[in-house]
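# Coordinate inspection notes
Residues per chain are reported as follows:
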Amino acid sequence: MQMNRSITKTLKTACLLLAVFVSCPAMADNDTEVKLGYCKENSVTFELVQDRGTGGSALYFPETTMQMYKGNYVTSVRLDVQTATAEDAVRIFITHDLDEEPLYEQRCTISKGGWSTITLDQPFPIDGSALYIGYEVTGQYYLRYSNRLLAGEEYIKTDDKGWRKYTNIYSASFYALVDGDNMPAGNVRVDHVYMPGYAVTGEPLKFSGEFTNLAPNDVDNLTLTYYVDGKAAKEETVDVNRTSYLATGSFEASGLTLEAGRHDVSIELTGVNGKEDSDPTDNTTRTKNVLVIDEFTPRNMLFEVFSTEKCVNCPQAHAVIANTYKDFKDVIELGHHSAYYDDKFTIQASLDYEWFYTNQSMLFAPAGMFDRTCFDDNLPMFYDVKSPVTGLGSSELLVIRQEALSVPAFTTVNIEKSLDKEARKLTLDVSGKALLPIDNPEKVRLYVFLKEDSIYTETQNGASGGFYQRHVARLSMTPTWGDPIDVENGFEATYSADIPEEWNIDNMYAVAFVAYYDPEDHLKCNVLNTTELRLAEKTPTGIGITEADKGAADITFDGEHIIVPGGYDRLCIYDMSGCCRLNMADGGTFTA
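The rules behind each value
Residues numbered from 1 in each chain as written. Predicted model: local features only at pLDDT ≥ 70, side-chain atom pairs only at ≥ 80, totals over all residues. Heavy atoms only, no water. Helix = DSSP H or I, 4+ residues; strand = E, 2+ residues; numbered from the N terminus. Buried < 20%, exposed > 50% of the residue type's maximum accessible area, 1.4 Å probe, protein only. Contact = heavy atoms within 4.5 Å. Areas by Shrake-Rupley, 256 points an atom, 1.4 Å probe, with all protein chains shown as cover. Arc of directions from axis to C-beta. Pairing = 2+ DSSP bridges. Axes fitted to C-alpha atoms, helices over the stretch in contact; angles between N-to-C directions. Salt bridge = Lys/Arg side-chain N within 4 Å of Asp/Glu carboxyl O.

A few words on the overall build of the chain. The helix and strand tally for the chain stands at five helices and 42 strands. Put simply, the chain has 592 residues, and 51% of those count as buried. Taking the intrachain contacts of the chain between residues at least 6 apart in sequence as the baseline, contacts between residues at least 24 apart amount to 73%. As displayed, the chain has an accessible area near 27,800 Å², and 46% of this comes from carbon and sulfur atoms.

So this is what it looks like as structure tokens:
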């Protein structure tokens with residue numbers, strides 16, 4: 001990159017003044033200059049500059065950062081601009097105060113748009129004090145910005161009103177490079193860390209996390225210090241895959257056991273390759289409240305799906321759900337036909353549950369809730385807003401299920417039924433009790449639903465031909481927000497219903513769950529346990545073959561495969577739970 005420079009600079013310290021009269025200092029003999037900035041390399045957005053005047057960006061580096069580089073030098077900067085600039089239209093500066101004369105400044109010309117490296121005419125010595133490093137450019141329509149790599153304080157100038165703090169989520173496409181003989185030996189930043197919320201007495205807690213290497217030396221191991229209830233409790237050193245400069249590494253740790261009770265736990269990365277971290281200000285995780293119990297009782301997860309016949313993307317989502325959860329008996333699904341218009345399957349309770357979308361930018365489907373819980377602390381990738389409602393990709397389904405079931409059963413919940421199938425009259429007796437101490441037991445409610453699975457319809461958007469609706473909420477036997485119960489001393493409740501003729505009893509289930517309800521906070525309605533019970537007296541015990549009265553096909557089952565000769569009008573295959581697994585029309589010979 002060729003560029004013309006004028007050597008106009010202001011030197012404000014004796015060290016800098018002396019540097020004018022001596023040769024430039026020798027830089028360290030290594031291959032890695034340290035990046036001093038907050039952005040990733042590729043620009044993704046921009047900020048408009050008023051009337052193509054003078055705009056700029058400035059990065060602030062506190063003393064805690066600059067002390068790491070004391071005795072080294074800022075040797076160059078890298079800057080991404082929209083187009084080539086006029087002569088000397090770029091001003092690079094280093095200062096203690098954006099409103100004062102700079103410690104160093106340099107003007108230059110950039111010959112084409114994109115990233116340019118601007119070598120400082122005189123390397124700037126770092127004395128460990130806080131600095132602003134920035135640039136101004138005249139004649140550009142906009143300033144380029146990148147995704148953020150690191151958190152940091154930034155400022156922007158886009159008009160004649162001067163510098164103001166930059167508060168967007170991006171970072172200026174600009175950074176400095178530091179070189180010298182006094183680079184930090186180790187400096188990592190802790191990123192996201194998975195921290196368990198529950199554990200069994202005497203069994204190790206399992207942590208996993210990510211970190212970024214901010215120093216030139218590769219990272220081979222980390223020293224972790226566990227803090228329990230505000231006090232350092234234990235130290236553990238873990239090996240990691242060799243992690244190079246600015247790369248992200250991962251670690252796993254299981255060196256902490258706790259006594260029964262509730263404990264506040266955090267982790268600090270206190271060592272890198274056996275030495276202290278040069279900047280410990282970004283090395284501590286959030287604090288997690290951990291409940292340690294003597295025995296872990298497994299539970300079921302309530303999986304509520306928002307889906308309607310008007311949703312063109314919902315059939316594919318249901319296929320993903322069916323395939324992902326087909327082998328899991330601990331997932332109890334309940335479908336709400338709401339959030340994306342309503343249809344003939346919508347009930348009022350489902351509409352009322354659109355409240356859970358609070359903080360989402362809009363109502364949408366397909367979507368789901370897992371135990372009515374927002375797992376954003378451990379799974380921020382799936383919960384980017386404070387809402388228990390999230391997407392339904394296969395990775396979400398698997399990872400969130402695992403997180404939900406890491407919570408023990410706080411209560412039991414049981415259903416007994418009395419069904420007069422001919423009269424279509426149903427009575428349910430629901431009971432349960434607390435298994436663990438429950439905070440705010442007065443806010444715990446019991447919810448009971450009837451649902452119907454495999455409802456055939458020909459009016460589903462996004463489906464070719466017929467479609468079988470899954471686990472549709474048909475009736476809320478309790479009020480929308482449940483019935484209050486005495487969960488600490490045990491509860492019993494009885495519910496009755498007349499089942500409409502158009503509902504297929506053989507495909508119906510009762511679903512009961514215990515959950516908090518806080519009308520002021522949609523994030524405090526977590527489900528404590530769930531169960532379901534099939535209403536039909538008989539459940540298929542093997543492969544059954546039913547043919548239409550046309551006498552069309554000689555369908556056979558050889559013990560492993562269903563063999564269907566061609567020429568049929570429609571072929572449907574149902575699983576043991578009554579769910580339709582295959583629906584084909586006008587087909588040839590088929591083997592499943």
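Before going further, it helps to spend a moment on unusual backbone geometry. Proline 366 follows alanine 365 through a cis peptide bond whose omega is 0°. Topologically, proline 366 is positioned in the loop between helix H4 (348–352) and strand E26 (367–370). Backbone geometry at tyrosine 341 places phi at a positive 65°, although glycine is not the residue there. Take tyrosine 341: it is sitting in the loop between strand E25 (331–336) and H4. Exposure remark for tyrosine 341: the relative accessible area of 56% places this residue in the exposed category. Of note in this structure, asparagine 440 is not a glycine but carries a positive phi near 50°. Mapped onto the fold, asparagine 440 is located in the loop between strand E29 (425–432) and strand E30 (444–452).

Before going further, it helps to examine helix H5 (residues 394–404). Buried residues of H5: Glu396, Leu397, Ile400, Arg401, Glu403 and Ala404, and no others. The buried residues of H5 occupy an angular sector of 160° when the element is viewed end-on, so they sit on one face. Turning to H5, the residues buried within the fold contact strand E15 (188–194), strand E24 (301–306), helix H3 (314–325), E25, E26 and strand E27 (389–390).

Turning our attention to the sheet that holds strand E17 (residues 205–213). Taking strand neighbours across the sheet as the criterion, the three strands line up as E15-E17-E20 in an open arrangement whose pairing is antiparallel. Because the sheet does not close on itself, it has two edges, and the strands there are E15 and strand E20 (248–256). Sheet twist, expressed as the average angle between the axes of neighbouring strands with direction ignored, equals 30°. Judged from the five bridges that link them, E15 and E17 form a sheet pairing that is antiparallel. Residue pairing across strands places valine 188 opposite asparagine 213, the latter belonging to E17.

Let us now look at the pattern of salt bridges. Per the stated rule, a full pass over the model turns up 22 salt bridges. Close ionic contact of glutamate 105 with arginine 91 constitutes a salt bridge, the shortest N to O distance being 2.8 Å. Of this pair, glutamate 105 sits in strand E7 (residues 104–108) while arginine 91 is found in strand E6 (residues 90–95), placing the two residues 14 residues apart along the sequence. Residue class for arginine 91 comes out buried when judged on its relative accessible area of 14%. Across the salt bridge formed by lysine 443 and aspartate 518, the nearest N and O atoms sit 3.6 Å from each other. Taken together, the residues span a long stretch of sequence, with lysine 443 in the loop between E29 and E30 and aspartate 518 in the loop between strand E36 (508–516) and strand E37 (527–534) at a distance of 75 residues.

Don't take any of this as a statement about function, it's just geometry.
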